[in-house]
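Below, each chain spelled out in residue letters.
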Amino acid sequence: MKKAAVIGVLLLVWQPPSYAMSLQEFLKAVESNNKTVQALQTSSEATELAAEAGDLELVPQLTAEAAHINDKSPLGQFATLGSSETKTTSYSMALAKRFSTGTAVNLTAATYEIQNTGLSSPQFAQFSKFGVGSLGLGLSQSLWKNFFGEATRLRWERQRSATLAATGQYNLQKKMLLIGAEAAYWDYLYAKENQKISLSSLERSKRIENWTSRRVNDGISDRADLYSAQALVAARKLQLVSAEDDLAAAKRRIRDYLEYDEGKALPEMTGDISKARALNSMVEGQGSRVVALDAYLSALEAKARSLEAQETEDSLRPDLVLSGSYNTNAFDADMPAAMQKWTETDRPTTKVALKFVYQFDMAPKRAAKDAARKGAAAAKLISERKMLDSESSWIEINRRYSEMNKRVEAASEISKLQTAAAKAQSDLFNKGRSITANVISAEEDAANAELNLVKLKSEQRKMEAQGRMFVVVEEK
């Protein structure tokens, strides 16, 4: 029992060792675990499938029917010939296919058998029971509204642009979430560095307090210097408490993005907060022009609206349809015999037709055209405005990034000098050639300079992540 209790305690205390995770591994883990990212990916796939489903009208359609009719109506087809009851058994099958050219093809096969009761006249005896069979081919082609597939091609192009715009919107939301995740990643590394710096500063301040305490005991320094050193230690403790709180909050954000439960250990982040990345390296795509992703999606939306306007106008055109059909006609004593003569062409039925359809140019028709045109024009204006904003944003983020590089370089130089000054003041203090106030001031300046440098580097990494919001496209 004691052994089991010890093992239970060890299992409760023991935590599995954490593993290292780079930035790219972290972002991949977010993509795999975060339900919002998964929902966006699923929505994107659904949009692509919906676009593919737009070709349902081009899918071949098979229709088969079997029927039995018992007709005792005095108004029936054979009632005028003396039949008191007509029984009809029929079977039919049709295969219809519409092609992208606008051509419609229809293949049919039908057979039926009729039995009439009460036909007394010898001249109608052949109609007492007989079978009929037919094979048919029908063709139709629009010569105006969908001239050899023009409407189909417009629909394909519009669907392609609309699908790219819709899936791009999901991709934009995903990128924004991953940018937030990367910001949390760098905030976490900054919080770790902040805690580390705070601990180091606290250790140095305690050494200053010890040195000052010995000097006061030896009568070399005033007690006021000791109070200043003790105040510095208290301030460093407060700074450490704040740093640990910030680190705990940063861990919580990381855990939320990864959607880890409380029992799962967080991995150790191995990113280098000092390693700069070129903004261009964060931009996806191939081409010569960098544009904001939302501007690119707006251009796709404008193209889709323009094509939609063309589709609307095409659908409201007059229509001229050329059609033709050919059917065989088999007649015999019963259904099996008639089916054997399906392919005989001695008694065919042929038809050639030219049909014209025109919608009068009334207010609803004009309104539909104008609404589509104005919608396309508005989408184009919005796209042009976003393109202008995109160019300005890219120029501005490059300018700000260049300025950030200068700030980081300046802060790095300041941190080196302040650290060196603090060390020099400590050496002078140990030799009795500096006062406590100078040492404390130099120590505070060095700690603040180091912390400011790490903060700027963190902001620099997050600024680089903003490059994910841009794409490279071909210059037009």
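Data block above holds the structure.
About the criteria used
- Residues numbered from 1 in each chain as written.
- Predicted model: local features only at pLDDT ≥ 70, side-chain atom pairs only at ≥ 80, totals over all residues.
- Heavy atoms only, no water.
- Phe/Tyr/Trp six-rings, centres within 6.5 Å; stacked < 30°, edge-to-face > 60°.
- Helix = DSSP H or I, 4+ residues; strand = E, 2+ residues; numbered from the N terminus.
- Lys NZ or Arg CZ within 6 Å of the ring centre and 35° of its normal.
- Expected span 1.5 Å × (residues − 1).
- Buried < 20%, exposed > 50% of the residue type's maximum accessible area, 1.4 Å probe, protein only.
- Polar contact = N/O pair within 3.5 Å; in protein donor to acceptor, adjacent residues only side chain to side chain.
- Contact = heavy atoms within 4.5 Å.
- Patch = residues over 30% accessible without salt bridge, like charges linked within 9 Å, V, L, I, M, F, W, Y side chains within 5 Å.
- Areas by Shrake-Rupley, 256 points an atom, 1.4 Å probe, with all protein chains shown as cover.
- Salt bridge = Lys/Arg side-chain N within 4 Å of Asp/Glu carboxyl O.
- Pairing = 2+ DSSP bridges.

Here the structure, examined in full by the defined rule, presents 8 aromatic pairs. With a centroid separation of 4.9 Å and an interplanar angle of 55 degrees, the aromatic rings of Trp394 and Phe470 are classed as tilted. With Trp394 in helix α8 (residues 363–430) and Phe470 in strand β12 (residues 470–473), the pair connects residues that are 76 residues apart, well separated along the chain. Above the ring of Tyr190, the side-chain terminus of Lys455 is found at 4.8 Å from the ring centroid.

Attention now goes to helix α4 (residues 150–217). In this model, α4 (68 residues) spans 99 Å end to end at C-alpha, consistent with the 100 Å of a helix rising 1.5 Å per residue. Positive backbone phi, approximately 80 degrees, marks Gly219, located one or two places after α4.

Here we come to the side chain of Glu443. Structurally, the position occupied by Glu443 is in helix α9 (residues 436–465). Take Glu443: its relative accessible area is 4%, and that puts it in the buried class. A polar atom in the side chain of Glu443 sits 2.9 Å from the side chain of Arg204. With sequence-adjacent residues up to four places away left out, Glu443 is seen in contact with Ser201, Arg204, Ile208, Leu232, Arg236 and Ala422.

Moving on to a nonpolar patch on the surface. Where nonpolar side chains cluster on the molecular surface, the patch consists of Leu62, Met93, Leu95, Leu107, Leu137 and Leu139 and spans about 540 Å² of accessible area. For the nonpolar patch, the elements supplying multiple residues, two or more each, are β3 (85–98) and β5 (129–142). Counting through the fold element by element, Met93 comes out in strand β3. The class of Met93 is partly exposed, set by a relative accessible area of 47%.

Side chains Phe470 and Val472 of β12 all project onto a buried face; the interleaved residues Val471 and Val473 project onto the opposite face, where all are buried too. Two elements, strand β7 (residues 284–285) and β12, share 2 bridges in a ladder whose sense is parallel. Among the inter-strand pairings, Gly285 is bridged to a residue of β12, identified as Val472. Both strand β8 (residues 289–292) and β12 contribute to a ladder of 4 bridges, which runs antiparallel. Following the sheet pairing, Val291 is matched in β12 by Val471.

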